[in-house]
Amino acid sequence: MARELKRICTIAARGGSKEVKNKNIRKILNKPLLAHTIIQAKKSGIFEYIAFSSDSDMILELAEKWGADHIIKRPSELATDDAPKIPVIQHCVSEVEKILNEKFDIIVDLDVTAPLRTKNDIQASVKLFENAADAS
């Protein structure tokens, strides 16, 4: 019998935004922008955990309020304008794996700035990825 794959969703949002000040906490339809991504990830029903990474305490407090399972404080070197995203995701997942003492098979990162995706978009994307991985 095949083992069920463990999936984690990461969401990352920096405090410093150059072009649109405080964009990650600005309200859209009476919710902070970051809340839409957390809600979509939860509604998809496919993640064991949702981990939120930020350098901003205010953003992390909001992420916790809106239902993120793990709140990960990002080190300053991963919160610069030119910091690549992959190390941010790696840091976030590594911290959650340490907390839980377990490893994840699938890591899905969702951008805060894409609030129009649906739970079906997330489910279909992950299914497509898993089917492609099975075929290879």
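It should be noted that the structure appears before, not after, this text.
Notes on the structure in this doc start here. Computed from a predicted structure; not experimentally measured.

Criteria and thresholds
The residue numbering used here restarts from 1 in each chain and proceeds along that chain's sequence as written. In keeping with the predicted nature of the model, local features appear solely for residues at pLDDT of at least 70, side-chain atom pairs appear and are counted solely at 80 or more, and the whole-chain, interface and lining totals rest on all residues. As a rule here, side-chain values come from all non-hydrogen atoms in the structure, and water together with hydrogens is ignored. Note on definitions: salt bridges are taken to be side-chain nitrogens of Lys or Arg within 4 Å of carboxyl oxygens of Asp or Glu. Working definition: helices are DSSP H or I runs of at least four residues, strands are E runs of at least two. Numbering for both runs from the N terminus. Throughout, exposure labels follow a simple rule: accessible area from a 1.4 Å probe, protein chains only, divided by the maximum for the residue type, with under 20% read as buried, over 50% as exposed, and the rest as partly exposed. In this scheme Phe, Tyr and Trp rings, the latter by its six-membered ring, pair at centre separations within 6.5 Å, and the angle between planes marks the pair as stacked below 30 degrees, edge-to-face above 60, and tilted otherwise. Grid points spaced at 1 Å and placed over the protein atoms alone form the basis of the search, with a cavity being a set where a 1.4 Å probe fits but cannot get out and a pocket an open set showing protein on both sides within 12 Å along at least five of seven lines. Lining residues have an atom within 4 Å of a point. Grid points are joined across faces, edges and corners, and a volume is the space filled by probe spheres set on the points. Here the nonpolar group is Ala, Val, Leu, Ile, Met, Phe, Trp, Tyr, Cys and Pro; Asp, Glu, Lys and Arg are the charged ones; every other residue, Gly included, is treated as polar.

## Quick notes on the pattern of salt bridges
Piece 1. Considering all chains together, one arrives at 8 salt bridges under this definition.
Piece 2. For D81, the salt bridge is made with R14, and the minimal N-O distance between the two is 2.8 Å. Here R14 lies in the loop between strand 1 (7–12) and strand 2 (27–28) and D81 lies in the loop between strand 5 (70–73) and helix 3 (85–100), a separation of 67 residues in the sequence.
Piece 3. The exposure class assigned to R14 is partly exposed, which follows from its relative accessible area of 22%.
Piece 4. Among the ionic pairs, E95 bridges to K98, the shortest N-O distance being 3.1 Å. With E95 and K98 both in helix 3 and 3 residues apart, the pair spans about one turn of that helix.
Piece 5. In this structure K98 comes out as exposed when scored by relative accessible area, which is 58%.
Piece 6. Each of K85, D109 and D111 takes part in one network of salt bridges that share partners.

## Points about the packing of aromatic side chains
Piece 1. Counted by the stated rule, this structure contains 1 aromatic pair.
Piece 2. Here Y49 and F104 contribute two aromatic rings whose centre-to-centre distance is 6.0 Å and whose plane-to-plane angle is 85°, an arrangement assigned as edge-to-face. With Y49 in strand 4 (residues 49–54) and F104 in the loop between helix 3 and strand 6 (106–111), this residue pair connects regions lying 55 residues apart in the sequence.

## A look at the layout of surface pockets
Piece 1. Its boundaries defined by the atoms lining it, the largest pocket holds a volume of some 380 Å³.
Piece 2. Lining the largest pocket are 21 residues, and of these A12, A13, R14, K23 and R74 lie nearest its centre.
Piece 3. Tallied by class, residues from the lining of the largest pocket come to 8 nonpolar, 5 polar and 8 charged.

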